[in-house]
Structure formats: structure tokens, C-alpha cells
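Here is how the chains run, residue by residue.
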Amino acid sequence: MPPGITTLAADTPQLSAANTGFMLICSALVMLMTPALAFFYGGMVRVKSSLNMLMMSFISLGIVTILWVLYGFSLAFGTDSGSLIGWSSDYVGLSGIGLTELWDGYTIPVYVFAVFQLMFAIITPALISGALADRVKFTAWALFITLWVTVVYFPVAHWVWGAGGWLFELGVIDFAGGTAVHINAGAAALGVILVIGKRVGFKRDPMRPHSLPLVMLGAGLLWFGWFGFNAGSWLGNDDGVGAVMFVNTQVATAAAMLAWLGYEKLRHGSFTTLGAASGAVAGLVAITPSGGAVSPLGAIAVGAIAGLLCAMAVGLKYKFGYDDSLDVVGVHLVGGVVGSLLIGFFATGGVQSDAKGLFYGGGLDQLGKQAVGVFSVLAYSLVVSAVLAFLVDKTIGMRVTEDDEISGIDQVEHAETAYDFSGAGGGASSRTAAPVLDTPAAPNKKVDA
């Protein structure tokens, strides 16, 4: 993403109605991704947790929006202080911004840039929620989001994208969020689950998705919204870079889906819908940082490598014993790391910048910069997120009780159930229909317990 990169135009930029309209559409597409993520995650959990999973994404739309207006935009994109954080009093409450004031070096208003970046800030903590399915108090989750975006997301966004941020100044390439969004969320997920522990029955009880059609719907909407997420991150349509990013997003996603399915067929003997959906998301994650630096052929390589490695990574939780419920670590952390590091190999030097990767004569210089960006964000988010989860757990408690987890977090936390069978028929059969859905007949062959 190029918020701190000035355009090459010699003249002072003027407000562009075309770019402004385009960016408002892209902002709406990125907003759609959070409900899409809710559907994707909501279908992957057992029926007794599906509403809670939806709400863990939806609440981010409320909390992060308010925090962004109050101080988040200022911390992330205000005037740099020590290359670590930003601050501009005009951005507090978005109160000192002129109606047609342009984002520095671009042809879109500051308001448009602020709302586009807001949608990124919203979805990032929502991504974390997939690792915590079935067992986290809703109030604790809301508090954690508030603390996490303030202490982790806003500073990291400044490091990576803010003018003066230390990773930005180093030359780390992250077109649309491989480090700031996906590695950040994936590392946070790992930090939190190491603190709160495993679900009751992990590696023992069936925990298959209750609605694979809902998973596919969510994945399809994510794929659709991701075009705004990625192509919009060039903040305009004047030089063709956004168009290349659009193409590369499609290409890498297709390659990753095919690679995941191929691995799944060889490993498990079947092509599953869950594998197709997960592979597509892995490709979207990996091309997010790299799509503005590679060619379409490079995008095929990025997608295929990410699809294969993420498919292999989701089984690591059983080997190492951490309960990443919906594979946030395996897909978002691993996919973000893969996509960010592959820039150091496949960057052509002919799209968003002149930085070249190893395979295009650039040596190891860009790979070294990418590694610094990847592992600094990973380490910071992992440690700070674990500390925040520990503090929340020791104050108001992070987890529901074991009895509440077994009976169902939807009823306990939200006083609702996802499906009402009371009108489906009378007698004992209608009263016993709902629990059967906790173990659907459709097999989940994505990982082995």
C-alpha cells in the first residue's frame, strides 16, 4: 500500500472525481469483507458456536470504527514521531480536515483515504477471532479488540504505511497488508491461544464445520471484496498499477486454490469444498503484499507456493498442540509470511517500484528488507497480544466456563441459537433435531486429528 509514496506527477495533484469514486467503491468492498469473514468463520464452527462467531466479526465494525475516528487515524497516519507512531491533532475526531483537502501526493480527499484505511483496521482484529472459536467471553473479546487495535494495529500500520514509519523508510514492500494485516493478525492469534488454551475436547471430539455452503458463500464474498482491498490500495487508477494488482489477485487466488486441492487429493484422497475455500483465501493472503511487485506469472508462483505451504501448515496445530480453531495461523500467518518473503524473489522492478527480487537480478537486498518487516511485526504482535490476553484473562476472565462451552456459547453469551426448529414439527424428534447438527455428515479432510 502506498500512502506515504508521493506520485511521480510534476504538477500539484488536483481532486479527481474518478479516483475518488473508485476509492469509495473500494472502501465499500473492503467493508463487505468483514461480514464475508463472519460467514466464512460462522460456517466452519459447530452449530452451537455459529452466532458467536458471526458476532465476533460484526462487533469489530462497531468498536474499531469509533476508535478510528477518535484517535486511530491520527496514531496510524498522523505526523511521524520517532518512526514508531503518528499523531496529528487535526485527525482527532476527524475534526480538522477540510472537505476537499487531499491526501498528500494523491488526488483523493483525506476523508476518502481515512475511510478506506478504516476498513482495513476493522477486518484485521476480526481475522484473529477464528482462532478463538467456542471459548471466549464476548465482553472479553470486545475489550481485547479495543486494546489490541490501540497498542498493536495502529502502531504497526504506521510502521508499514505511514510516512516516516521505520519499515516504510527501510523500503519494505507491503502493497495491501501482508505484514500489517495478515502477519499481524496471525501472530496475534497464536499469542492469544497460547494464553487461553485449548477447546474442551480438542483432538478428541468431532469439530467439523456445521455449514459448508456458508463457508463457500463467505469465501466467495471475500474473493469479491478482496479486489477492493488490493486494487484500491494504489489509491487511484492513473498509471495501471492497480489494474496489475487486480489481475494478480485473481491469478494468485486461482493458483492457490488448485495447489491446495492438489495437495489435499494426494494427502487425503478427496477434493473438498473446505479445501477449495481455504486455498482461495490462502492465495488472497499471499498476493496481498506482493501483487504490486510481481508479474502475472509471478503471481501464479506466489499463489501456488502459498496454497501448498498453507495446506501443509494447518496440520501443525495437532503436532505442536496449539488449538487454532479455524486455522488463522496456518492460513493468515503462514500465507502472509510466504507472500511477503516471495517479493524478495519475484519482484520485477517494473510495477509499483524499481525494487527487484533475486530472480530478476536484484540480489538479496529486497529479501533482507522483507525479512526484517516480516519478523519484526510477527514478534511484536505475538508478544504484545499474548500480554494483552493475559491481562484481560486475569482481570475479567477471557474464557467461558467449561460447562458453558460444552452446552454452547451462542445460548450462554447471546441468548440465541442459529437455527430454530420449533416450527419444523412436533414431538421428540423436533426437540432433538438441533444437537445432531453439531456433528454433520460431511467429512472435513482438511487436516488430520
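What counts as what
- Along each chain, residues carry numbers from 1 onward, in the same order as the chain's sequence is written.
- Per-residue local features are limited, in this predicted model, to residues with pLDDT of at least 70; the limit for side-chain atom pairs, both in listing and counting, is 80 or more; totals at the level of whole chains, interfaces and linings are taken over all residues.
- Hydrogens and water are ignored here; the side-chain numbers use all heavy atoms of the structure.
- Ring pairs are drawn from Phe, Tyr and Trp, using the six-membered ring of Trp, whenever the two centres fall within 6.5 Å, and their geometry is named by plane angle: stacked under 30 degrees, edge-to-face over 60, tilted for the rest.
- Counting from the N terminus, the helices are the DSSP runs of H or I reaching at least four residues and the strands are the DSSP runs of E reaching at least two.
- Each residue is placed in one exposure class: buried if its accessible area under a 1.4 Å probe, protein chains only, is under 20% of its type's maximum, exposed if it is over 50%, and partly exposed if it falls in between.
- Note on geometry: axes are C-alpha line fits, over the in-contact stretch for helices, and angles between N-to-C directions span 0 to 180 degrees.
- Any angle between 65 and 115 degrees counts as roughly perpendicular, while under 35 counts as roughly parallel, over 145 as roughly antiparallel, and the rest as oblique.
- The hand of a helix crossing depends on one turn: near helix anticlockwise from the far one by less than a right angle means left-handed, and clockwise means right-handed.
- Contacts between residues were defined by any pair of non-hydrogen atoms, one from each residue, lying within 4.5 Å.
- Classes in brief: Ala, Val, Leu, Ile, Met, Phe, Trp, Tyr, Cys and Pro nonpolar; Asp, Glu, Lys and Arg charged; the others, Gly included, polar.
- Note on terminology: a nonpolar core comprises buried Ala, Val, Leu, Ile, Met, Phe, Trp, Tyr and Cys residues joined through side-chain atoms within 4.5 Å.
- Expected span of a helix, by definition, is 1.5 Å for each gap between consecutive residues, and there is one gap fewer than residues.
- What pLDDT conveys is the predictor's confidence in a given residue, as a value from 0 to 100.

**Student:** Kindly report on the packing of aromatic side chains, identifying the contributing residues and their values.
**Tutor:** A full pass over the atoms with the stated rule returns 26 aromatic pairs. Ring centres of Phe 73 and Tyr 91 lie 4.7 Å apart, and the angle between their planes is 40 degrees; on these two criteria the pair is classed as tilted. Here the residue Phe 73 occupies a position in helix 2 (residues 50-77), and Tyr 91 occupies one in the loop between strand 2 (85-87) and helix 3 (110-128), the gap between them amounting to 18 residues. For the pair formed by Phe 73 and Tyr 91, the shared burial category is buried.

**Student:** How would you explain the packing of helix 9 (residues 273-290) against helix 10 (residues 296-313) if you had to name every residue and give the values?
**Tutor:** At a minimum axis distance of 8 Å, the contact between helix 9 and helix 10 shows a crossing angle of 135 degrees. If you check the angle between helix 9 and helix 10, you find them oblique. Crossing of helix 9 over helix 10 shows right-handed handedness. Between helix 9 and helix 10, the residues in contact are Ala 282, Ala 286, Ile 287 and Ser 290 and Ala 299, Val 302, Ala 306 and Cys 310, respectively. Residue classes in the contact of helix 9 with helix 10 are distributed as seven nonpolar, one polar and no charged.

**Student:** Outline the nonpolar core, supporting the account with residue identities and numerical values.
**Tutor:** With 112 residues, the main nonpolar core has Phe 73 and Leu 132 as its most contacted residues. Here this core takes 15 residues from helix 4 (residues 138-161), the largest share from any one element. Those residues in contact with Phe 73 that sit more than four places away from it in its chain are Trp 68, Gly 78, Tyr 91, Leu 94, Ile 97, Trp 103, Val 110, Phe 113 and Ala 114. Counting residues in hydrophobic clusters, the runner-up holds 10 residues, among them Ile 287, Val 294, Val 302 and Ala 306.

**Student:** Can you explain the packing of helix 1 (residues 17-44) against helix 7 (residues 212-231)? Please cite residues and give values.
**Tutor:** For the pair helix 1 and helix 7, interaxial distance at closest approach is 7 Å and the crossing angle is 155 degrees. Classified by the angle their axes make, helix 1 and helix 7 are roughly antiparallel. Along this stretch, helix 1 crosses helix 7, giving a crossing that reads as left-handed. Its residues assigned to classes, the contact of helix 1 with helix 7 shows 21 nonpolar, five polar and no charged.

**Student:** Quick one: what's the story with the side chain of Ser 88, residue by residue and with numbers?
**Tutor:** Its place among the elements puts Ser 88 in the loop between strand 2 and helix 3. Residue contacts for Ser 88: discarding those within four places in its chain leaves Ser 74, Gly 78 and Thr 79.

**Student:** Please provide a residue-by-residue account of the environment of Ser 81, values included.
**Tutor:** Looking at the element boundaries, Ser 81 is found in strand 1 (residues 79-81). Between the C-alpha atom of Ser 81 and that of Thr 272, which follows or precedes it by 191 residues, the distance is 49 Å.

**Student:** With reference to specific residues and values, describe unusual backbone geometry.
**Tutor:** At Asp 134, a residue that is not glycine, the phi angle is positive and equals roughly 85 degrees. With respect to the element layout, Asp 134 can be found in the loop between helix 3 and helix 4. Backbone geometry places Leu 235, a non-glycine residue, at a positive phi of 65 degrees. Assignment of secondary structure puts Leu 235 in the loop between helix 7 and helix 8 (241-268).

**Student:** Just give me the short version of the side chain of Asn 184, but keep the residues and values in it.
**Tutor:** As for its placement among the helices and strands, Asn 184 is situated in helix 6 (residues 178-196). Judged by relative accessible area, which is 0%, Asn 184 ranks as buried. The residues contacting Asn 184, other than those within four sequence positions of it, are Trp 148, Val 152, Tyr 153, Val 156, Thr 179, Val 377 and Ser 381.

**Student:** So what's going on with helix 13 (residues 365-395)? Which residues, and what values?
**Tutor:** Count 3.6 residues to each turn of an α-helix, and residues three or four apart come out pointing the same way. Over its 31 residues, helix 13 runs 46 Å from end to end, which matches the ideal 45 Å to within 8%, given 1.5 Å per residue. A positive backbone phi angle near 85 degrees is found at Gly 397, which sits one or two residues after helix 13.

**Student:** Can you explain the confidence of the model for the protein chain? Please cite residues and give values.
**Tutor:** When pLDDT is averaged across the protein chain, the result is 92; 92% of the residues are at 70 or more. Under a pLDDT of 50 for its full length, residues 2-10 has, in the predicted model, 17 contacts with residues more than four places off or in other chains.

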